Amino acid sequence: MPIATPEVYNEMLDRAKAGKFAYPAINVTSSQTLNAALRGFAEAESDGIVQISTGGAEFLGGQYSKDMVTGAVALAEYAHILAEKYPVNIALHTDHCPKDKLDGYVRPLLALSEERVKAGRNPLFQSHMWDGSAETLADNLEIAQELLEQARRANIILEVEITPTGGEEDGVSHEINDSLYTTVDDAIRTVEALGLGEKGRYLLAASFGNVHGVYKPGNVVLRPELLKELNDGVAAKFGKQSPFDFVFHGGSGSSEEEILTALENGVVKMNIDTDTQYAFTRPVAGHMFSHYDGVLKIDGEVGDKKAYDPRTWGKLAEASMAARVVVAAKNLRSAGNKMK
């Protein structure tokens, strides 16, 4: 199947919300990790989301120029061709983009897709994220209003993060403290600024104790039941039941119970990066340690070309990361739920 059209992506999200499941959103940084993500979704029989962060886009752009837009566009174009060979629907998304990177990343990508739509084509990406969590909520929502209007014109969904997620993600960091919990007032102010769909569809990354990066279960206090409070608080004021499409950030180390509670309360997208990074790298490390005398030319020897050929260890990395994507799809109940 080709990359999801705007109509298919909207249907994907509607199905997830109605069915109380979520799509794994897998960060990719190369054609190899893209292949791994697509393979994992196909093996899980799950539609899914592939996303590129600012750091990932810079890496994709090459270390000579480090151009984020070039990197993101190049992989997106590649994904449009590659995805046709996989029997699942894939949406393309850009992950965390703070204020100082908007002009070098999200705004140019929105403009590119807007031109494509004017020419009768589909947008290059299906959604973009604005991470205003480091700004005041007023400034965050003011920028979100502008971006949402541009996204609407380009048939793109906007993801907004209105309050902080702990830890660090591509240079944006927040302390782990009581500010990591979105309030009903925060949610109401978001609706007052962005509407309930009439101004354009958006995904909401609300905070319920989430932390980016690596942590063991029990080290972070997640309160996914808070999402129900946000939905109920907004519904009471505006009359629309279950108004939000929530995104689960910082999910590494989450318990199965926490994930299921989040799904029951409206999460339709869960970001997965740390766990798939490790899954990709672990077999590479194992290969290097097990075949050190082949990947290195030791004591004047010539090594073993089959051992250091990137295809040898690259296939191991792809298989391992794909398997982790399958686990994510099962945890989020999207496995076996692909659209026909």
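On a predicted model such as this, the values are computed, not experimentally measured, just so you know. (Residues numbered from 1 in each chain as written. Predicted model: local features only at pLDDT ≥ 70, side-chain atom pairs only at ≥ 80, totals over all residues. Heavy atoms only, no water.)

Peer 1: Looking at this structure, how should I read the nonpolar core?
Peer 2: The tendency in soluble globular proteins is for nonpolar side chains to be buried as a group. Ranked by internal contacts, the top residues of the largest apolar core, which has 77 residues, are Tyr105 and Val160. Counting residues per element, this core draws most heavily on helix H4 (residues 68-82), which supplies 8 residues. When residues no more than four places from it in sequence are discounted, the contact partners of tyrosine 105 are Ile52, Ser53, Thr54, Ala57, Met68, Val69, Ala72, Thr94, Asp95 and Cys97. Counting 16 residues, the second-largest nonpolar core is a separate cluster that includes Ala4, Tyr9, Ala25 and Val247. (Core = buried A, V, L, I, M, F, W, Y, C linked by side-chain atoms within 4.5 Å. Buried < 20%, exposed > 50% of the residue type's maximum accessible area, 1.4 Å probe, protein only. Helix = DSSP H or I, 4+ residues; strand = E, 2+ residues; numbered from the N terminus. Contact = heavy atoms within 4.5 Å.)

Peer 1: Is there a simple way to explain the packing of aromatic side chains in this structure?
Peer 2: According to the stated counting rule, one finds 3 aromatic pairs in the structure shown. Judged by centre distance (5.5 Å) and plane angle (85°), the ring pair of phenylalanine 21 and tyrosine 23 falls under edge-to-face. Assessed through its relative accessible area of 4%, phenylalanine 21 is described here as buried. Judged by its relative accessible area of 0%, tyrosine 23 falls in the buried class. For the pair phenylalanine 244 and phenylalanine 246, a centre-to-centre distance of 5.5 Å together with 50° between the ring planes defines the contact as tilted. (Phe/Tyr/Trp six-rings, centres within 6.5 Å; stacked < 30°, edge-to-face > 60°.)

Peer 1: Help me understand the side chain of aspartate 95, please; the structure alone is not making it clear to me.
Peer 2: Counting through the fold element by element, aspartate 95 comes out in the loop between strand S3 (90-94) and helix H5 (106-118). The charged side chain of aspartate 95 is buried without a salt bridge, its nearest counter-charge being lysine 269 at 5.2 Å. Of the polar contacts made by the side chain of aspartate 95, one reaches the side chain of glutamine 51; its length is 3.5 Å. (Lys, Arg positive; Asp, Glu negative; His and termini not counted. Salt bridge = Lys/Arg side-chain N within 4 Å of Asp/Glu carboxyl O. Polar contact = N/O pair within 3.5 Å; in protein donor to acceptor, adjacent residues only side chain to side chain.)

Peer 1: Mind showing me how you'd approach the environment of cysteine 97 here?
Peer 2: By the element assignment, cysteine 97 lies in the loop between S3 and H5. Expressed as a C-alpha distance, the spacing of cysteine 97 and serine 53, which sit 44 residues apart in the sequence, is 7.3 Å. Setting aside its immediate chain neighbours within four residues, cysteine 97 contacts Thr54, Leu102, Tyr105, Val106, Met129, Trp130 and Asp131.

Peer 1: Would you explain helix H1 (residues 6-19) in this entry?
Peer 2: Note that an α-helix has 3.6 residues per turn; residues three or four places apart therefore point the same way. Here H1 is 14 residues long and its end C-alpha atoms lie 20 Å apart, about the 20 Å a rise of 1.5 Å per residue gives. Among all positions of H1, only Pro6, Tyr9, Met12, Leu13 and Ala16 are buried. For H1, the arc enclosing every buried residue in end-on projection is 120°, short of the 170-degree limit, so these residues lie on one face. H1 presents Glu7 and Ala18 as exposed residues on the side facing more than 90 degrees away from its buried surface. Lysine 20, located one to two residues past H1, shows a positive phi value of around 55°. (Expected span 1.5 Å × (residues − 1). Arc of directions from axis to C-beta.)

Peer 1: For this particular structure, what's the right way to read the pairing of strand S5 (residues 157-161)?
Peer 2: A regular strand places its side chains so that they alternate between the two faces of the sheet. Burial within S5 is extensive, with 5 of its 5 residues counted as buried. Alternating positions in S5 separate into two faces, Ile157, Glu159 and Glu161 on one and Leu158 and Val160 on the other, with burial throughout. Here strand S4 (residues 127-131) pairs with S5 via 5 bridges, running parallel. Looking across to S5, one finds that histidine 128 is bridged to leucine 158. Remark: the S4/helix H6 (residues 137-153)/S5 crossover connection has right-handed handedness. (Pairing = 2+ DSSP bridges. Right-handed = clockwise from strand over helix to strand, strands pointing away.)

Peer 1: So what exactly am I meant to see when it comes to the packing of H5 against H6 here?
Peer 2: For any two helices packed against each other, one specifies the inter-axial angle together with the distance between the axes. With their axes 8 Å apart at the nearest point, H5 and H6 run at an angle of 25° to one another. By the criterion of interaxial angle, the relationship of H5 to H6 is roughly parallel. Judged by residue contacts, Arg107, Leu110, Ala111, Glu114 and Val117 of H5 engage Ile143, Glu146, Leu147, Gln150, Ala151 and Arg153 from H6. (Axes fitted to C-alpha atoms, helices over the stretch in contact; angles between N-to-C directions. Parallel < 35°, antiparallel > 145°, perpendicular 65-115°, else oblique.)

Note that every value here comes from positions in space, so none of it alone points to a role or purpose.
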